[in-house]
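Observations on the three-dimensional arrangement
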Number of protein chains: 2
Amino acid sequence: MRKSIATVCLSGTLEEKLTAIAAAGFDGIEIFENDLLASPLSPEQVRDRAAELGLTIDLFQPFRDVEAVPEDLLARTLRRAEKKFAVMERLGADLMLVCSSVSPAALDDDALAAGQLRLLAARAAAHGIRVAYEALAWGRHVNTYDHAWRIVRQADHPALGTCLDSFHILSRGSDPKGIEEIPGEKIFFLQLADAPLMAMDVLQWSRHYRCFPGQGGLDVAGLLAHVLRTGYEGPLSLEVFNDVFRQGDTDRTAVDALRSLIALEETAGRTDLPAPVVPTGFAFAELASTGPELPALLTELGFARTGRHRSKPVELWEQGDARIVLNSGLDATTGHPEPALAAIGLETPDPAASAGRARALLAPVLPRHRAVADAPLDAVAAPDSTELFFCRTEHPDHPSWTGDFRACVISPRAASASPAGITHVDHVALTQPRHHFDEASLFYRAVLGLRPHESLELADPYGLLRSRAVSGADGSVRLALNVAQIRPGSGPSGSLWQHIALHSRDIVATARRLRERGAPLLPIPDNYYDDLEARHELDPGLHRTLRELGLLYDRDDSGTFLHLYTATVGRVFFEIVQRIDGYQGYGAANAPVRLAAQHARTR
Amino acid sequence: MRKSIATVCLSGTLEEKLTAIAAAGFDGIEIFENDLLASPLSPEQVRDRAAELGLTIDLFQPFRDVEAVPEDLLARTLRRAEKKFAVMERLGADLMLVCSSVSPAALDDDALAAGQLRLLAARAAAHGIRVAYEALAWGRHVNTYDHAWRIVRQADHPALGTCLDSFHILSRGSDPKGIEEIPGEKIFFLQLADAPLMAMDVLQWSRHYRCFPGQGGLDVAGLLAHVLRTGYEGPLSLEVFNDVFRQGDTDRTAVDALRSLIALEETAGRTDLPAPVVPTGFAFAELASTGPELPALLTELGFARTGRHRSKPVELWEQGDARIVLNSGLDATTGHPEPALAAIGLETPDPAASAGRARALLAPVLPRHRAVADAPLDAVAAPDSTELFFCRTEHPDHPSWTGDFRACVISPRAASASPAGITHVDHVALTQPRHHFDEASLFYRAVLGLRPHESLELADPYGLLRSRAVSGADGSVRLALNVAQIRPGSGPSGSLWQHIALHSRDIVATARRLRERGAPLLPIPDNYYDDLEARHELDPGLHRTLRELGLLYDRDDSGTFLHLYTATVGRVFFEIVQRIDGYQGYGAANAPVRLAAQHARTR
């Protein structure tokens, strides 16, 4: 299906928006009139620029407060409309959006509304223009899609149809099933927006919090299914008002937007997108690291250096099924402190199919030569620029990235660092760029087929951390996506922390060993343990052990969670976790204590 | 009255908060337990630090989910309480806040609630601790202050009283008059918070949008009057949860907080604060300027250089009653581009009284030697660091700052720049520091007695501009307070623009002269004028003139507004305005067009 977007969705000037929309791959645009008014480009220049970029102008919007006014106001409305028809002719736009009136002058009179809209449509038709009438959720008398449709039907003019907007329909809790009673050819346009579920004034909700389909809590896919059953053949078009997107990078928001429509189209069965290939585990985590800190820390954590790359300054460290790649050959041009997480290797049953789906969903494909291994390795860039490699480690049907490493003789130092009970990577936490948090969860859901969990707000001493986990159905791949909204300059590179959580089969034993070895662990205040004792009736021995070893404790409906943190090195720290009896969370209750400790001390 | 603040109101670690609270001048604190839990300080260390700073610990909070549980859960609650009593004893805190239960286990049984609270109070009393029971607005069964009080009365224990919280009471629309029926000695504590009026879920509203009294839309002063009539003698204590304050500067938020209580206390007639002296006009605007741009621009705008300071590198420029001071001797250590607005001189009938009130309301007092004049001039720093001088220009009873300027012989160049119709400074627009927008409107209201107008959100191509005007009753002093929430790096020093709006008695003539002189004016897109013609049925001659001269047009209930902008020089630009027939606004409808043009071009 053709895909379109309203210019209001994006940050920037009209010219910047057109360029970004075309570069992302959209077919058309809705011109949001305020963008035109603020532009130095004439309507003719906008028309030419859109044509040059291969974009059609699918809608001119909005035209307000038309229907059901007393007769003496009608002449003014029609005069105003004629001026806008003239602008539309200069733009080469032939469809005008009319929103249901919010004017105190409007009367509650469907026959009058139909008559006046019919008149408007007749005037429009004389310019080769059609009119799409839409119910705003806060319209004065007309605020449901079926009411707008009844008026359109009553007006009965070929140049008058309706426009459906998923937000206006779903935000009011209207049942979208009735859409199927509208003939497809009378649905002149379809605007799509999602929104997080919030109990607030619908106008404010609409103006500030809309998001792209799949990023919120509305059933946009369900609504689309009803629309398609009518035979609607117009474009899928996005109309999103969002304070955060308004401040975001124009190009990447445009790509995020188109990705949302491609994923939505898939739910409607209208595409031949390659099926998702959900990753089954972490093959490795790759850290950019030139100094001695990380090898020392990995040794203290019980990792052994097991391989050296044949041709690159890259080492492989292993413990159980946890593999860490240390790369000292990465170009440190990012300006961020090292060490930093550079890449994640994801196990997938079909790396080529994983990469194919990622490509189809507009993930930036990376050159294969960046791979740690010489074996061909498909990779894409995640929203935070972490590289995602699709791997099939040591499987007979597929070249393994590990084949490029020469086994190390275990050094005497490494040998003394015998395993500390780490079994595998439990999760990886990534910090998303400010203004692109919604993009991240959509990316991981659509591209990798991971399931987004609830979005949380965690108290940081200097602000808030927003956090949302995504995971595979069986929990074998878990990512925590964070964005820090904290005072600028508070904490060393505070908004850029990344971490790797390693699972231990016996965290008490692991913690004891780490302490014996003098590993740099994050100190937890004694007050935390006093409170833990008050809140939970823990076995006194366990409570003593937790306090003694600086272990944090959480509990959910099914199980318990024990965890600890290392000090931060560069941008990176490690967490050691033990999930007991099927605990599914990430210890969010302990995050404020952890964040305070991290702000207070960095290594 | 004693003034106190909950540690949760501020950003930072517990230690940073205590220091800032004491420095601002508070008498006491509420320890928000999470701040203690995340702190490396032991309760004893917190007690000692507070004592050292002269702060009393007035409340330990919150203790949750106590009342009306089935008997088998009661033992757990009491065990938990004993642990917290122990912490309170170590802290030296003798008042515990108990919030009404939100637990699904709680029963709707007032007698049970009263009995269990009585038991808790008896246990507390054994430790010398009292309990203040408060209704949360979203409590499961108890969510109004009168309900909480009925339970306290029924429990009838000397160590049990109630805590009143203005947000919980006013957010639900409860009538606070009933507070007067509670004996003052049974109101153990009073928590104060304001909030902007928002139609949203009360829990979210409370957790993210509370603000200090006088910064929102709740009648906190009215509530306080009822409380004082009971004979309440405890502290006035702030409890504010606010996402923005969480990220703000700790010290200045603490001062902002205390200022709100001082101003609130004034409404209750409990202070001998000097009365507000509302400024009656602008004496001058002082610009830091070393280059040739500003003198050239002022000349083009029709200003003449009329004075040179006797001893400083400072010039006075005048036109009508508009006076601009150009100071090339200011230390340019701010890192912001010049020219920049450094100070505003405000006319006041009693400069010493103005300064006295400002001091009493914690405005930072500036050394007098910074003044442009040698005549003593009282000055304070505004929240955005602009200096505010209190002046009485050329009045026989007061030394005038203008006396330090030697009259200039009008230079031939200046003479040719004959007046352009400017009569006076209409308003000055200041950009507030991010995270301190609420502070600014309270400052101008409390310190200067200016009236805050509605807060507006204006579309910027790269985000939003929040804007709120404050003005004297007669409109002779108007300030526009802005804060830009825009993409970092968009527009040259985009978030720091300041501007001076000059009133013209005939803006068409002024604009024509500026164009003739080639003054650098902001170009307005043609599309704006096409839309103006559609929206307003303007006289065609006027419409042609507006378009030709690049004038913007707005209209309110009483009159019309014509305005134009110069290009930006450094951080500063000028606006020329004409208010016709009592127009009261600031042309907000035109702000998006203006902002887009400014982002596109800076001189």
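Just so you know, the residues in each chain are numbered from 1, in the order the chain's sequence is written. Going through the entries in the order they are written, you letter the chains from A and number the ligands from 1. Local features in a predicted model are, by the rule used here, given only for residues with pLDDT of at least 70; side-chain atom pairs are given and counted only at 80 or more, and totals for whole chains, interfaces and linings are based on all residues. In computing side-chain properties, one takes all heavy atoms of the structure into account and sets aside hydrogens as well as water.

1. Regarding the overall build of chain A
Within chain A one finds 18 helices and 24 strands. For chain A, the spread of C-alpha atoms along the principal axes amounts to about 90 × 55 × 40 Å. Only protein chains enter the accessibility calculation, which uses a 1.4 Å probe. A residue is then buried if its area is under 20% of the maximum for its type, exposed if over 50%, and partly exposed in between. In chain A, which comprises 603 residues, the share counted as buried stands at 61%. The contact rule is simple, with two residues in contact once any of their heavy atoms fall within 4.5 Å. When contacts within chain A are restricted to residue pairs at least 6 apart in sequence, long-range pairs at least 24 apart make up 75% of them. For the purposes of this entry, the term helix denotes a DSSP run of H or I that reaches at least four residues, the term strand denotes a run of E that reaches at least two, and both are numbered from the N terminus.

2. Observations concerning the relation of the copies chain A and chain B
Rotating chain A by 180° and translating it 0.0 Å along the rotation axis places it on chain B, where the RMSD comes to 0.0 Å. Look at the turn and shift together and you get a two-fold axis relating the two. Scanning chain A for the C-alpha nearest the rotation axis identifies A:Met200, at a separation of 1.9 Å. Most of the interface of chain A is mirrored in chain B: 100% of its interface residues are interface residues there too. Least-squares superposition aligns the copies on the C-alpha atoms of those residues with pLDDT at or above 70 in both.

3. Some words on the sheet that holds strand S6 (residues 160-165) of chain B
Residue and element names in this part refer to chain B. When DSSP locates at least two bridges between a pair of strands, those strands are taken to pair. Read around the closed barrel, the eight strands follow the order S1-S2-S3-S4-S5-S6-S7-S8; overall the barrel is parallel. Sheet twist, expressed as the mean angle between neighbouring strand axes with direction ignored, is 30°. By the bridge criterion, three bridges tie strand S1 (residues 3-6) to strand S2 (residues 28-32) in an arrangement that is parallel. Across the sheet, alanine 6 pairs through a bridge with glutamate 30, a residue of S2. The axes used here are C-alpha line fits, helices contributing only the stretch in contact, and every angle between their N-to-C directions lies in the interval 0 to 180 degrees. Against the sheet, helix H6 (residues 145-155) makes contact with strand S5 (130-134) and S6, and its axis sits at roughly 170° relative to S6, the strand it touches most. Set on the sheet, helix H9 (residues 220-229) makes contact with S6, strand S7 (187-192) and strand S8 (236-238); between it and S7 the angle comes to about 170°.

4. As for the side chain of A:Gln215
Residues and elements named next belong to chain A. Relative to the elements of secondary structure, glutamine 215 occurs in the loop between helix H8 (202-209) and helix H9 (220-229). At a separation of 3.0 Å, a polar atom in the side chain of glutamine 215 contacts the side chain of aspartate 256. Among the polar contacts listed, one links the side chain of glutamine 215 to the backbone oxygen of aspartate 438, at a separation of 3.4 Å. Pairs of N or O atoms within 3.5 Å make up the polar contacts considered here, provided that, within protein, one atom can donate a hydrogen while the other can accept it, and that residues adjacent in sequence are counted only when both atoms are side-chain atoms.

5. Brief notes about the domain arrangement of chain A
Residues and elements named next belong to chain A. The start and end points of each domain follow an automatic or database-based domain assignment. Annotation of chain A at the domain level lists domain 1 (3-267) and domain 2 (281-600). Of note, the centres of domain 1 and domain 2, computed from C-alpha atoms alone, are 44 Å apart. The interface of domain 1 with domain 2 comprises 21 residues on the first partner and 17 residues on the second. The term buried area means the drop in 1.4 Å probe accessible area that two parts suffer when joined, counted for both and summed. When the two sides are added together, the surface that domain 1 and domain 2 hide from each other amounts to roughly 1500 Å², 55% of it contributed by carbon and sulfur.

6. Some thoughts on the UniProt feature "binding site: a divalent metal cation" (unreviewed entry) in chain A
All names here are of chain A. With numbering aligned to this structure, UniProt lists the feature "binding site: a divalent metal cation" (unreviewed entry) at Glu134, Asp165, Gln191 and Glu239. The annotated residues occupy 106 residues of the chain but converge on a single region, no pair of C-alpha atoms lying more than 13.1 Å apart. With respect to the helices and strands, the residue glutamate 134 is situated in strand S5 (residues 130-134). Residues in contact with glutamate 134, not counting those within four places in the same chain, are Leu97, Val98, Cys99, Ser100, Cys163, Asp165, His168 and Gln191. Along the chain, glutamine 191 falls in strand S7 (residues 187-192). UniProt positions are given in the numbering used here, feature names are shortened, and annotations may be inferred rather than shown by experiment.

7. Some thoughts on the interface of chain A and chain B
Listed per partner, the contact involves 57 residues of chain A and 57 residues of chain B. Carbon and sulfur atoms make up 46% of the surface buried where chain A meets chain B, a total of about 4300 Å² over both sides. By the criterion of area lost to chain B, the three top residues of chain A are A:Leu37, A:Gln247 and A:Asn527, representing 14% of everything that side buries. Salt bridges are defined as contacts in which a side-chain nitrogen from Lys or Arg sits within 4 Å of a carboxyl oxygen from Asp or Glu. For the pair chain A and chain B, the interface holds eight salt bridges. Between B:Arg76 and A:Glu537 there is a salt bridge, with the nearest N and O atoms lying 3.3 Å from each other.

8. Here's the deal with the packing of helix H16 (residues 526-535) of chain A against helix H4 (residues 71-91) of chain B
Packed helix pairs are characterised by how far apart their axes lie and by the angle those axes make with each other. H4(B) packs onto H16(A) with a crossing angle of 155° between their chain directions and a minimal axis gap of 8 Å. Judged by the inter-axis angle, H16(A) sits roughly antiparallel to H4(B). Note on element contacts: H4(B) touches H16(A) through B:Arg76, B:Arg79, B:Arg80, B:Lys83, B:Lys84 and B:Arg90, opposite A:Asp530, A:Asp531, A:Glu533, A:Ala534 and A:Arg535. Classification convention: Asp, Glu, Lys, Arg as charged; Ala, Val, Leu, Ile, Met, Phe, Trp, Tyr, Cys, Pro as nonpolar; all other residues, Gly among them, as polar. A breakdown of the residues in the contact of H16(A) with H4(B) according to their chemical character gives one nonpolar, no polar and 10 charged. Here the angle decides the label: under 35 degrees means roughly parallel, over 145 means roughly antiparallel, 65 to 115 means roughly perpendicular, and every other value means oblique.

9. Description of the pattern of salt bridges
Residue and element names in this part refer to chain A. Tallying each qualifying case throughout the model produces 56 salt bridges over all chains. The residue arginine 123 makes a salt bridge to glutamate 82 at a minimum N-O spacing of 3.3 Å. With arginine 123 in helix H5 (residues 110-125) and glutamate 82 in helix H4 (residues 71-91), this residue pair connects regions lying 41 residues apart in the sequence. Accessibility expressed as a relative area gives 34% for arginine 123, which makes it partly exposed. The class of glutamate 82 is partly exposed, set by a relative accessible area of 26%.

10. Re the sheet that holds strand S20 (residues 478-486) of chain A
Note on sheets: strands pair through backbone hydrogen bonds, and any given pair is parallel or antiparallel. All names here are of chain A. Reading across from one edge, S18-S19-S20-S17-S21-S24-S23-S22 is the order of the eight strands in this open sheet, with mixed pairing throughout. Two strands lie at the open edges of the sheet, namely strand S18 (451-460) and strand S22 (552-555), each paired on one side alone. Averaged over all adjacent pairs, the angle separating strand axes in this sheet is 25°, with direction ignored. Across nine bridges, the pairing between strand S19 (residues 463-471) and S20 is antiparallel. Bridge pairing links serine 471 to arginine 478 in S20.

11. Looking at the packing of aromatic side chains
Note on ring pairs: Phe, Tyr and Trp rings are taken, using the six-membered ring of Trp, and paired if centres are within 6.5 Å. Classes follow the plane angle, with under 30 degrees stacked, over 60 edge-to-face and the rest tilted. For the structure shown, the criterion picks out 22 aromatic pairs over all chains. Between the aromatic rings of A:Tyr565 and A:Phe573, the centroid separation amounts to 5.8 Å while the plane-to-plane angle is 65°, which identifies the pairing as edge-to-face. An identical accessibility class is assigned to A:Tyr565 and A:Phe573; each is buried. Three or more aromatic residues link up through ring pairs in this structure, and these residues are A:Phe284, A:Phe389, A:Trp401 and A:Phe405. The rule is short: NZ of Lys or CZ of Arg within 6 Å of the ring centre and within 35 degrees of the ring normal puts a charge over the ring. Looking at A:Arg130, its charged tip hangs above the ring of A:Phe188, at a distance of 4.0 Å from the centre. Of note, B:Arg579 hangs over the ring of B:Tyr586, and the distance from its end group to the ring centre comes to 5.3 Å.

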